[in-house]
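Chain by chain, the residues:
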Amino acid sequence: AKAIGNNRLRVYKSEYGENASKRTKLLFDLKSALTNKQLSVVYQPQFRLHDKAISGVEVLVRWNHPEEGLIPPDVFIPLAEQHGLICEITDFVMQTAIRELTAADLLYRTVPRVSFNVSAADFNMANSPERFVKLLTALPGSWDVIELELTETSALLNLEGVRNVVNVLEERGVQVSLDDFGTGYSSLSTLRSLPIHEVKIDQSFIRDITQNAQDARLVKTIIAMAQALNLRVVAEGVESQQQAAYLSRAGCAEVQGYLYAKPMPLTSLQSFVKNISSA
Ligand code: C2E
Ligand code: CA
Ligand code: CA
Ligand code: CA
């Protein structure tokens, strides 16, 4: 299933990456996708490794195109970033997730943390701090349930903009996670330049830990480093028991991946948490 998924993504990427007219059409369609209710959000639970309790959910956007079907965010998010549409998408994703999770009464007790992916362009405007504050005002309680996931690339592209937002939000309890940790050029300097609370070890490192001793040592070292710096560490893309066992031995506190739960719409999340609590 993984290979098929990856192939499909590769087809998408090359098709849309190299075919300008196809990309133009996609951009055109994306503009109307927001108003035509083609976007939705899914939630992927994260777990504490030692007792399998839910530690949070990551919110991921989905685009169900009327003709093309599901278009992966890896394809349309970069397009949105290049054409000034990312803020609208982020607004939609945050508003929708907060509304859905609040209406289902899942926030705080059942889902203690909600993580959102944000892009460099989300921090470009002078009023970006106010924009985030306004979005989070919809929360029924404390803001310490909220986490923003930044990649090192997005953080470094606009460090000042990110700082302006993070400084304001951090005072209200919002946390920051460094996504895809280890894949960029200066992960360590990013850690120094922003108030980071969590690192997410990129799935490309997790994939081969049971076969590749080098990757395994690298992951172990990232975990040890995170512990030394008092950072929470989440391993993403965990697909096998062997990977989980290794991560557990290496002292990784939290995991996310198909082994535990795939991204799912709200209704499935509701049944999922019900099943866990009755198990
Ligand atoms: P990401 O933030 O690194 O998200 C993790 C991706 O890995 C998600 O893909 C998730 O479905 C997938 N995944 C989770 N567990 C596993 C696993 O065990 N194995 C494998 N092979 N994959 C797993 P998805 O949902 O297709 O999102 C892809 C990327 O698109 C995300 O990567 C993120 O960079 C971006 N993205 C998604 N939603 C949003 C959004 O709302 N805003 C922004 N700015 N970017 C988003
Ligand atoms: Ca992420
Ligand atoms: Ca990631
Ligand atoms: Ca990624």
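Values in this document were obtained by computation on a predicted structure and should not be read as measured data.

### Some points on the overall build of the protein chain
Secondary structure assignment for the protein chain yields twelve helices and nine strands. Computed over the C-alpha atoms, the radius of gyration of the protein chain is 19 Å, within 12% of the 19 Å expected from 2.2 N^0.38 for a compact globule of 279 residues. Seen through its principal axes, the protein chain has C-alpha atoms that stretch 50 × 45 × 40 Å. The buried share of the protein chain, reckoned over its 279 residues, is 49%. A separation threshold of at least 6 residues defines the contact pool for the protein chain, and within that pool the share at least 24 residues apart is 67%. As displayed, the protein chain has an accessible area near 13700 Å², and 52% of this comes from carbon and sulfur atoms. In the protein chain, 28 positive and 31 negative side-chain charges are present, and the distance between their average locations comes to 4 Å.

### Some words on the coordination of the calcium ion (ligand 3)
Protein coordination at the calcium ion (ligand 3) comes from Asp179 (OD), Asp180 (OD), Glu236 (OE) and Glu236 (OE), with a distance range of 2.2 to 2.6 Å. Sequence spacing of the donor residues for the calcium ion (ligand 3), all on one chain, is D-D-x55-E. A spacing of 4.0 Å is found between the calcium ion (ligand 3) and the calcium ion (ligand 2), which share Asp179 as a donor. Of this pair, Asp179 sits in strand E6 (residues 175-181) while Glu236 sits in strand E8 (residues 232-236), and the two are 57 residues apart along the sequence. With a relative accessible area of 9%, Asp179 lands in the buried category.

### Observations regarding the site of ligand 1
Around ligand 1 sit 21 residues in total, of which Gln44, Arg62, Gln203, Glu239 and Tyr258 are the nearest. A distance of 3.1 Å separates a nitrogen atom of ligand 1 from a polar atom in the side chain of Ser119. A distance of 3.0 Å separates an oxygen atom of ligand 1 from a polar side-chain atom of Asp179. Where the shell around ligand 1 is concerned, the elements lending two or more residues are strand E2 (54-65), helix H3 (73-82) and E6. No other element matches E2, which puts four residues into the shell around ligand 1. A per-class count over the shell around ligand 1 returns eight nonpolar, six polar and seven charged.

### Side note on the confidence of the model for the protein chain
Per-residue confidence for the protein chain averages 92 on the pLDDT scale, and 94% of its residues sit at or above 70. Of the two predicted TM-score estimates for the complex, the pTM is 0.94 and the ipTM is 0.98.

### What about helix H12 (residues 266-278)?
With 13 residues, H12 extends 19 Å from end C-alpha to end C-alpha; this agrees with the ideal 18 Å at 1.5 Å per step. Regarding H12, the residues found buried are Leu266, Leu269, Phe272 and Val273. Seen end-on, H12 carries its buried residues on one side only, within an arc spanning 110°. Exposed positions of H12 whose direction lies more than 90 degrees from the buried face are Thr267, Lys274, Asn275 and Ser278.

### Digging into the pairing of strand E7 (residues 198-201)
Burial of the side chains of E7 extends over both faces: Glu198 and Lys200 are buried on one face and Val199 and Ile201 on the other. Handedness of the crossover is the feature at issue here: the chain leaves E6, passes through helix H8 (residues 187-193), returns alongside E7, and the resulting connection is right-handed. Examined bridge by bridge, E7 and E8 share four bridges and lie parallel to one another. Of the residues in E8, the one forming a bridge with Lys200 is Val234.

### A few points about the nonpolar core
Judged by nonpolar contacts, the single largest core of 89 residues is most densely connected at Ile89, Phe116 and Leu247. Considering each element in turn, this core owes the most residues, nine residues, to helix H4 (residues 86-103). Once residues within four sequence positions are removed from consideration, Phe116 is found in contact with Val59, Val93, Met94, Ala97, Ile98, Ile146, Glu147, Leu148 and Glu149.

### Some points on the side chain of Gln46
Its place among the elements puts Gln46 in strand E1 (residues 39-48). Residue Gln46 is classed as buried on the basis of its relative accessible area, which comes to 0%. Side chain to side chain, Gln46 and Arg113 meet in a polar contact 2.9 Å long.

Parameters and conventions
- Residues numbered from 1 in each chain as written.
- Chains lettered and ligands numbered in written order.
- Predicted model: local features only at pLDDT ≥ 70, side-chain atom pairs only at ≥ 80, totals over all residues.
- Heavy atoms only, no water.
- Helix = DSSP H or I, 4+ residues; strand = E, 2+ residues; numbered from the N terminus.
- Rg over C-alpha atoms; globule rule 2.2 N^0.38 Å.
- Buried < 20%, exposed > 50% of the residue type's maximum accessible area, 1.4 Å probe, protein only.
- Contact = heavy atoms within 4.5 Å.
- Areas by Shrake-Rupley, 256 points an atom, 1.4 Å probe, with all protein chains shown as cover.
- Lys, Arg positive; Asp, Glu negative; His and termini not counted.
- Charge placed at Lys NZ, Arg CZ, Asp CG, Glu CD.
- Donors = N, O, S within 2.8 Å, 3.2 Å for Na, K, Ca; no water.
- Near = heavy atom within 4 Å.
- Polar contact = N/O pair within 3.5 Å; in protein donor to acceptor, adjacent residues only side chain to side chain.
- Nonpolar A, V, L, I, M, F, W, Y, C, P; charged D, E, K, R; others polar.
- pLDDT = per-residue confidence, 0-100.
- Expected span 1.5 Å × (residues − 1).
- Arc of directions from axis to C-beta.
- Right-handed = clockwise from strand over helix to strand, strands pointing away.
- Pairing = 2+ DSSP bridges.
- Core = buried A, V, L, I, M, F, W, Y, C linked by side-chain atoms within 4.5 Å.

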